[in-house]
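Here are the chains, one letter per residue:
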Amino acid sequence: MRISTRLQRLLTDALSHSMPVHTMIRLARKIIHNYDIYERSGFPPNIPIPTIDAARQITQDVIEEDLVVKFVEILMDIYENGLMGRNISIRFLPQIIKELEYLGLIYDDEYKMFIEKSDMKKTIGWGVLQENSIYDLTFMCIDIVNNSELVRKYPKNDIALAYSDVREIFKYHVEKRNGRIWEWEGDGGIAAFYFQDKNIKAVLSGIDILLELFLYNQLQSVLKEAIQIRLSVHTGPCQFTYNIQNMQSDTLDKLKELENEYAPPNHLVISSGVHYDMGSKLEHFFLSEPIAGGNYVYRYSLQWEN
Amino acid sequence: MKVIVFSSNTNLIDLIKSKNLSVVIYAPAQMNKIINNSSDLLLVYVDSSSFNDKLHKKISFLTSKEKVYFGVLDPANEIKDIAELYFSGAVDYISKKQLKNDFGEKRFKRVFQYLEQFRIDYREEIEIQKTFTKDISHITTEKGWQEIVPGSEYTFSIMFIELDGKYDMEKIFGKKNLNVALSVFRKYLERNISYFGGRIWIWFQFGGIALFPFNGRECESVYCGFRIMLYKLMHDVEESLFPNFISFRIALLLGNVTYQENDTGNVISDSINTIFHLGKKHAEKGHFYVTEDILQFAPKPLLDFFTPAGDFEGIPIFRMRRPVLPS
């Protein structure tokens, strides 16, 4: 993230005007493991480091480590909740927040973190995920059924239009609930969900996609037959990288296995870990299906009364 | 008027089929179900040879039904006192010989003429049907609400929506909680209705009436109602503040209304009366009903999801098949 000199100056001033050096170091250690200001600044450990120098050094290190957003979140947290039972008034905090807003971020009170503004360009890490860090994420996989057959059967333009519409439906319902599309390869893709209620949001997006596709098939599709999809949702840890193709993750492997092996056409299949969070109403949408190892998967499809 | 025959006599059935008449034949065992579920005017012929000693019981049943007129087919000439049938309310009798020669469209016409001349109840029914099946002249609007001026009459899709089970709700949820939950329900409806160019026109606590201007070509209101039903379960999960799955009725018809912005509680209109009756009295809990006339302006692919649901005040109505949760 490109940090302006103004934001850099504001951060330095905020630290130096709001807290003593040992508090600054304590905050820096919250995000940089074993942070040693003497080692980084070159000051001898036996000489007390001046407040302004400590503030400058910490600001510079936080910028270099690409942790500015996280550091500001910590400043906001101690401003609201204090530190070790002591209130700390952070100077220049409104100006710092404004600077982050210029960078396309907005503070979300619910999640207590900065996220991308909805009207700005969306990145796959919400502007929050750090390269190579491990996060608990929820993933949704979509696959168009009988892709090769459809491609052979229909004119290229019709297929291109229909697939682009399916992608738009997928994108709209994923991003509507603050999910991100991580991958799209012509006949399917993967979306990720983070933040609170990520399992519920992924599942609701999946159900929404099936309903919207039903209406699309009835009323809009240029193809003579209904486009069918398979959806799966699974949650688990994943090491984040912006290079999705190279991402290795058991969670993603399990997601694809769910979709390939347990999702019939026009079904959403979710793992038991996801189902656990569904709540008293949403759990009624699913039928359980025993699978190997004494486990279960749960399936939803749009059904009509006779 | 529909003509139906109840018989299990194969010779008789073959004979009737050979005449190529617009007559529907049912097995005797189906009589109660067919008659009870029908709201049409019916001319029913009962084959005496298929009922034997149950004939009198069945005649009593038919006599007790409104909009049902009956005759007796006697393929074995076994009925001794024909006049007794007329005393019981029959409007026709067909002997073995007449079955071959006279039983047909001409004969049905004679029966209708007789009913029209001598049966007051029949004449009243026909009048009601004429009133409700007459074509209303459509007063269309090309630009929707932009064109609509208060005090003038227009054709609208008129939609009635009301939550089911309203009488117990205040007791169950408490007045304040209920009002908050109801406002969320209203927002769900408003969002969907306004997306399709409609407006909630009259609102009472648990539901209301929405109007959609009619352009003479299509009724998006049917699609709107369809979507409200399709996404109802999602609304339950994601938006609704009611702790349980809610249930509501929707009724939709095409009718003329003098549009007014104020004092909507005192609207006098046949169409509004009809939609209230259809929605409040006829519609079953949790269902979406449309009249036949509005269905012809609905998106064609949606027609498969509507099934005939009898008549209401002489108007054929259809009911949407609903999305359901797995059981």
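No experiment lies behind these values; they were computed from the predicted model shown.

(A) Main features of the overall build of chain A. Within chain A one finds twelve helices and ten strands. A burial count over chain A gives 51% of its 306 residues as buried. Excluding contacts between residues fewer than 6 apart, the proportion of contacts in chain A whose partners are at least 24 apart in sequence is 69%. As presented, chain A carries roughly 15200 Å² of accessible surface, and 46% of it is formed by carbon and sulfur atoms.

(B) Broad picture of the sheet that holds strand 5 (residues 188-193) of chain A. Residue and element names in this part refer to chain A. With respect to topology, seven strands assemble into an open sheet ordered 4-5-3-6-7-9-8, the strand pairing being mixed. Strands at the two margins of the open sheet, each flanked by one partner only, are strand 4 (180-184) and strand 8 (287-290). Direction aside, neighbouring strands of the sheet carry axes that sit 25° apart on average. Note that strand 3 (residues 134-144) and strand 5 share six bridges and pair antiparallel. When the sheet's bridge partners are listed, Cys141 is paired in strand 5 with Ile190. Lying on the sheet, helix 10 (residues 250-262) is in contact with strand 3, strand 5, strand 6 (229-239), strand 7 (267-271) and strand 9 (296-300); it crosses strand 6 at an angle near 160°.

(C) Inspection of the interface of chain B and chain A at higher detail. Tallying the contact residues gives 28 residues for chain B and 21 residues for chain A. Carbon and sulfur atoms make up 69% of the surface buried where chain B meets chain A, a total of about 2300 Å² over both sides. The tally of links from chain B across to chain A stands at three salt bridges. Of the charged contacts, one joins Arg227 of chain B and Glu212 of chain A as a salt bridge, the two residues approaching to 3.5 Å between their closest N and O atoms. At the junction of chain B and chain A, the tally comes to eight residue pairs in polar contact (both at pLDDT 80 or more). At the level of secondary structure, the elements contributing two or more residues to the side of chain B that touches chain A comprise helix 11 (220-230), helix 12 (232-238) and strand 13 (323-324) of chain B. Looking at the side of chain B that touches chain A, the element that brings in the most residues is helix 12 of chain B, giving five residues. Residue composition of the side of chain B that touches chain A, grouped by class: 19 nonpolar, four polar and five charged. In this sheet, strand 13 of chain B lies alongside strand 10 (residues 303-304) of chain A in antiparallel orientation, the contact comprising two bridges. From the neighbouring strand, Trp304 of chain A faces strand 13 of chain B, where its bridge partner is Pro323 of chain B.

(D) The arrangement of the confidence of the model for chain B in detail. Averaged over all residues, the pLDDT of chain B is 89; the fraction at 70 or higher stands at 96%. At the level of chain-chain contacts, confidence expressed as ipTM amounts to 0.74, with global pTM at 0.69.

(E) Inspection of the confidence of the model for chain A at higher detail. Residues with a pLDDT of 70 or more make up 99% of chain A, whose mean pLDDT is 92. Per-element averaging of pLDDT across chain A places strand 2 (residues 113-116) of chain A at the bottom with 83 and strand 7 of chain A at the top with 97.

(F) The arrangement of the pairing of strand 3 (residues 42-47) of chain B in detail. Residues and elements named next belong to chain B. With six of six residues buried, strand 3 is to be regarded as a mostly interior element. Covered by surrounding structure in strand 3 are Leu42, Val44 and Val46 together with Leu43, Tyr45 and Asp47, the residues of both alternating faces. Relative to strand 3, strand 1 (residues 2-6) runs parallel, the two being bridged by five bridges. Within strand 3, the residue paired with Val3 across the bridge is Leu43. Across six bridges, the pairing between strand 3 and strand 4 (residues 68-73) is parallel. For Val46, the partnering residue across the bridge sits in strand 4 and is Val72.

(G) Here's a closer look at the nonpolar core. Ranked by internal contacts, the top residues of the largest apolar core, which has 86 residues, are Val203 and Leu268 of chain A together with Phe306 of chain B. Broken down by element, the residue count for this core peaks at eleven residues, all from helix 9 (residues 198-219) of chain A. Beyond its immediate chain neighbours, meaning those up to four positions away, Phe306 of chain B contacts Val222, Phe226, Phe288, Val290, Leu295, Phe318, Arg319 and Met320 of chain B. In this structure, Leu10, Ala55, Val62 and Leu67 of chain A belong to the second largest nonpolar core, which totals 40 residues.

(H) Spatial organisation of empty space enclosed by the protein. Tallying each qualifying case throughout the model produces one cavity of 30 Å³ or more. Its volume calculated, the largest cavity comes out at about 70 Å³. Put simply, the parts of the chain that give the lining of the largest cavity at least two residues each are helix 9 of chain A together with helix 12 and strand 13 of chain B. Class assignment of the residues belonging to the lining of the largest cavity gives a composition of ten nonpolar, two polar and no charged.

(I) Main features of a nonpolar patch on the surface. Taken together, the side chains of Ile82, Tyr86 and Phe87 of chain B define a hydrophobic patch exposed on the protein surface, amounting to about 320 Å² of accessible area. Considering the arrangement of structural elements, one finds Phe87 of chain B in helix 5 (residues 82-87).

(J) Region of interest: the packing of aromatic side chains. Residue and element names in this part refer to chain B. Within the structure shown, the criterion is met by 36 aromatic pairs over all chains. Every member of this aromatic cluster is reached through a ring pair, and the members are Trp145, Tyr154, Phe156, Trp201 and Tyr259. Above the plane of the ring of Phe61 lies Lys58, whose end atom (NZ or CZ) is 5.9 Å from the centre. For Arg199, the ring lying beneath its charged end belongs to Trp145, and the centroid distance is 4.2 Å.

(K) Layout of unusual backbone geometry. Of note, Asp66 of chain A is a non-glycine position whose phi angle comes to about 60°, a positive value. Within the fold, Asp66 of chain A resides in the loop between helix 4 (51-64) and helix 5 (68-81). According to the relative accessible area criterion, Asp66 of chain A is partly exposed, its value standing at 37%. Of note, Asn20 of chain B is a non-glycine position whose phi angle comes to about 55°, a positive value.

(L) Molecular detail of the pattern of salt bridges. Scanning the model with the defined rule gives 26 salt bridges over all chains in all. Put simply, Asp61 of chain A and Arg40 of chain A hold a salt bridge, and the shortest N to O gap is 3.9 Å. Here Arg40 of chain A lies in helix 3 (residues 37-41) and Asp61 of chain A lies in helix 4, a separation of 21 residues in the sequence. Take Asp61 of chain A: its relative accessible area is 3%, and that puts it in the buried class. Residue Arg56 of chain A pairs with Asp53 of chain A through a salt bridge whose shortest N-O separation is 3.6 Å. In this pair, Arg56 of chain A and Asp53 of chain A both sit in helix 4, three residues apart, roughly one turn of the helix. Taking the relative accessible area as the measure of exposure, Arg56 of chain A reaches 47% and is therefore partly exposed. Among the ionic contacts, a cluster of salt bridges with common partners joins Glu162, Asp164, Lys166, Arg249 and Lys280 of chain B.

(M) Spatial organisation of the side chain of Ser271 of chain A. By the element assignment, Ser271 of chain A lies in strand 7. Other than its neighbours up to four places away in sequence, Ser271 of chain A contacts Val233, His234, Thr235, Leu258 and Tyr298 of chain A.

(N) Layout of the environment of Arg40 of chain A. For Arg40 of chain A, a relative accessible area of 34% corresponds to the partly exposed category. In this structure Arg40 of chain A touches Ile32, Tyr35, Gln57, Asp61 and Glu65 of chain A, once residues within four positions along its chain are discounted.

Quick notes on the rules
- Residues numbered from 1 in each chain as written.
- Chains lettered and ligands numbered in written order.
- Predicted model: local features only at pLDDT ≥ 70, side-chain atom pairs only at ≥ 80, totals over all residues.
- Heavy atoms only, no water.
- Helix = DSSP H or I, 4+ residues; strand = E, 2+ residues; numbered from the N terminus.
- Buried < 20%, exposed > 50% of the residue type's maximum accessible area, 1.4 Å probe, protein only.
- Contact = heavy atoms within 4.5 Å.
- Areas by Shrake-Rupley, 256 points an atom, 1.4 Å probe, with all protein chains shown as cover.
- Pairing = 2+ DSSP bridges.
- Axes fitted to C-alpha atoms, helices over the stretch in contact; angles between N-to-C directions.
- Buried area = accessible area lost by both parts, 1.4 Å probe.
- Salt bridge = Lys/Arg side-chain N within 4 Å of Asp/Glu carboxyl O.
- Polar contact = N/O pair within 3.5 Å; in protein donor to acceptor, adjacent residues only side chain to side chain.
- Nonpolar A, V, L, I, M, F, W, Y, C, P; charged D, E, K, R; others polar.
- pLDDT = per-residue confidence, 0-100.
- Core = buried A, V, L, I, M, F, W, Y, C linked by side-chain atoms within 4.5 Å.
- 1 Å grid on protein atoms, 1.4 Å probe; cavity = no way out; pocket = protein on both sides within 12 Å on 5 of 7 lines; lining within 4 Å.
- Points joined across faces, edges and corners; volume = space filled by probe spheres on them.
- Patch = residues over 30% accessible without salt bridge, like charges linked within 9 Å, V, L, I, M, F, W, Y side chains within 5 Å.
- Phe/Tyr/Trp six-rings, centres within 6.5 Å; stacked < 30°, edge-to-face > 60°.
- Lys NZ or Arg CZ within 6 Å of the ring centre and 35° of its normal.

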